[in-house]
Every structure is written in structure tokens, then in C-alpha cells.
Amino acid sequence: MGAEGHADGTVGKALDVLDMVAGHGQPVRFSELLSQGPFPKATLYRFLQTLTHQGMLAYDPDRGTYALGVRLVRLAHAAWAQSSLAPIARPYLDELAKETGETIHLAQMDLGQVLYVDKRNAARPVEMFAQAGKVGPAYCTGVGKAMLAFLPEEALEAALARQSFHRHTDQTLDTPAKLRAELQAIRQRGHAFDREEHERGIICCAVPILSRTGRVIGALSVTSTTAQTTLPALEARAGLIKDIAARISAAAESWRFPEQG
């Protein structure tokens, strides 16, 4: 929850409340929201009442908890169908998964962070953070860096300002300067790596999905573990991943996607 939401007045603050509820990952009590949020008691109560009345939140009177409402599910489904690459990319992800036998991730950028919009599990599935619908950091994931590298300078500056640069592992690029150097290398070779930067043992090779005019509309990755393969072995798949990304881009030409940044 940041200054952007508050700058947007009442609507922005209401969305901040939705983010607070969603961030808990489970039904949450009023007292928890009050203690963790910036809103006075009366203000928070008013927003919760309005959001519940509009179906954006659901209130359980027996437990005294708030959860995301069914109306959000409908909106999310519409957004997935209209703005997500997932429906377009589905057959190409299937093809890439079959060809590589590895985990495939499809992602887009949302306010400087990575939104995973689809996934195919490996022949030997591995537990990892990235799941369809989850939001992850851009600065320490392969798909995130692949998208950041090809953003226009103004959009890149805005995205970098939203990174936490938290050190998840010993490999995490934890400063803007280190990340900028990495992004330059990614632009030169056309693909990105995750060198166990977000999760220990998880590695990937990722490429951006660009429109015909060079606009970033998403990213695609082949992901595995250090126990099963190596980065050079994944990089050997870079040409195939780029070919699939280009085909997704071509299929997406008739769609209109929001700007990535």
C-alpha cells in the first residue's frame, strides 16, 4: 500500500483496503486490519461496509472476518480473458512444456512486479513460489528481469523505484546498480537468467514477449532446479523459448494489452 493509492482519493483508499484483505491470504478480522493499516477506525469501518455492500468483500458474521468477495472473482475472470496473455498463449505453453519437460511460466508486469498468469508443471513437478495468480518481485526473477530489460527508460525508472531489493539468497542482486548492469547484459543476449536469486535451488532461462513495435507484453521462462539441470543446459533452450515467445507475440497482435510497467 503506497502513496499512489492515497493520491487517488477515496477510490484509491478503498483499493488499499482490498489489498490489505487480499494480502492476508485468508479471512481477516477488523481488529487485524485496524492494527496493520493507516486508517482510523471509523474510516476503515466505512470502507469495509461499502466494499461488502458492493460484493467486493464478503463478511462472515459468525467468525467476524472479511474475505475477498465473489464479484472480484467475476472481475478477475474478465481481466484474465481480456488482458491476460494466458488464453492466447495456452497452446504454445503446452508445446514448450512437452518439448522441454520442464516447468513453464508465463508472466506479465503489474506496477513494477511480476504477475504469473499461467504455468505448466514439469514432468517431475517441483515445489516453488511461482504459481498462476501469484505476484512476485521483478528484480530477482528471470521473467521479471527479462521484462525490465526491455522497458523504455521512463517506465524502467518507475519500475525500479518499486523494487524492494531484499536479499532472498546469496545470489540476489540487491542494488539498482547491480540490477542495471544485469539488464544491460540481458538486452545484449536477449534472454535472462534466475541464478537462484529468488529461491535456493531454482534456476531458469527467460525471454521477453515483445509486440511488433518492441513493447513489453509479457515474459516466458523454462524453470528447473540445480539438482536436475544446469544454467548452460537451460540456456541451450533459449532459441526455442524465443521462438515460442515470438509466436505468442504474433498471436497477440489482434489483442490490446495494457502497458507493462
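Scroll up to find the structure this text is about.
Residues numbered from 1 in each chain as written. Predicted model: local features only at pLDDT ≥ 70, side-chain atom pairs only at ≥ 80, totals over all residues. Heavy atoms only, no water.

Draft legend 1. Geometry of the overall build of the chain. A count of helical and extended segments in the chain gives eleven helices and nine strands. Taking all 261 residues of the chain together, the buried fraction comes to 45%. Entry remark: accessible area of the chain is about 13200 Å², with carbon and sulfur atoms responsible for 53%. (Helix = DSSP H or I, 4+ residues; strand = E, 2+ residues; numbered from the N terminus. Buried < 20%, exposed > 50% of the residue type's maximum accessible area, 1.4 Å probe, protein only. Areas by Shrake-Rupley, 256 points an atom, 1.4 Å probe, with all protein chains shown as cover.)

Draft legend 2. View of the packing of aromatic side chains. The full count for this structure, using the stated rule, is four aromatic pairs. Between phenylalanine 39 and phenylalanine 47, the aromatic rings sit 5.7 Å apart at their centres with planes inclined by 65 degrees, giving edge-to-face as the arrangement. Assessed through its relative accessible area of 8%, phenylalanine 39 is described here as buried. Overall, the relative accessible area of 8% leaves phenylalanine 47 in the buried class. Centroid distance tyrosine 59 to tyrosine 66: 4.8 Å. Interplanar angle 45 degrees. Geometry classified as tilted. Residue class for tyrosine 59 comes out partly exposed when judged on its relative accessible area of 41%. Its end group placed over the ring of phenylalanine 47, arginine 46 keeps NZ or CZ at 5.7 Å from the ring centre. (Phe/Tyr/Trp six-rings, centres within 6.5 Å; stacked < 30°, edge-to-face > 60°. Lys NZ or Arg CZ within 6 Å of the ring centre and 35° of its normal.)

Draft legend 3. Just the side chain of threonine 169, in detail. Counting through the fold element by element, threonine 169 comes out in the loop between helix H8 (153-160) and helix H9 (176-189). A distance of 3.0 Å separates a polar atom in the side chain of threonine 169 from the backbone nitrogen of glutamine 171. A distance of 2.6 Å separates a polar atom in the side chain of threonine 169 from the backbone oxygen of glutamate 196. Here threonine 169 is in contact with Glu196, Glu197, His198, Glu199 and Arg200, once residues within four sequence places are set aside. (Polar contact = N/O pair within 3.5 Å; in protein donor to acceptor, adjacent residues only side chain to side chain. Contact = heavy atoms within 4.5 Å.)

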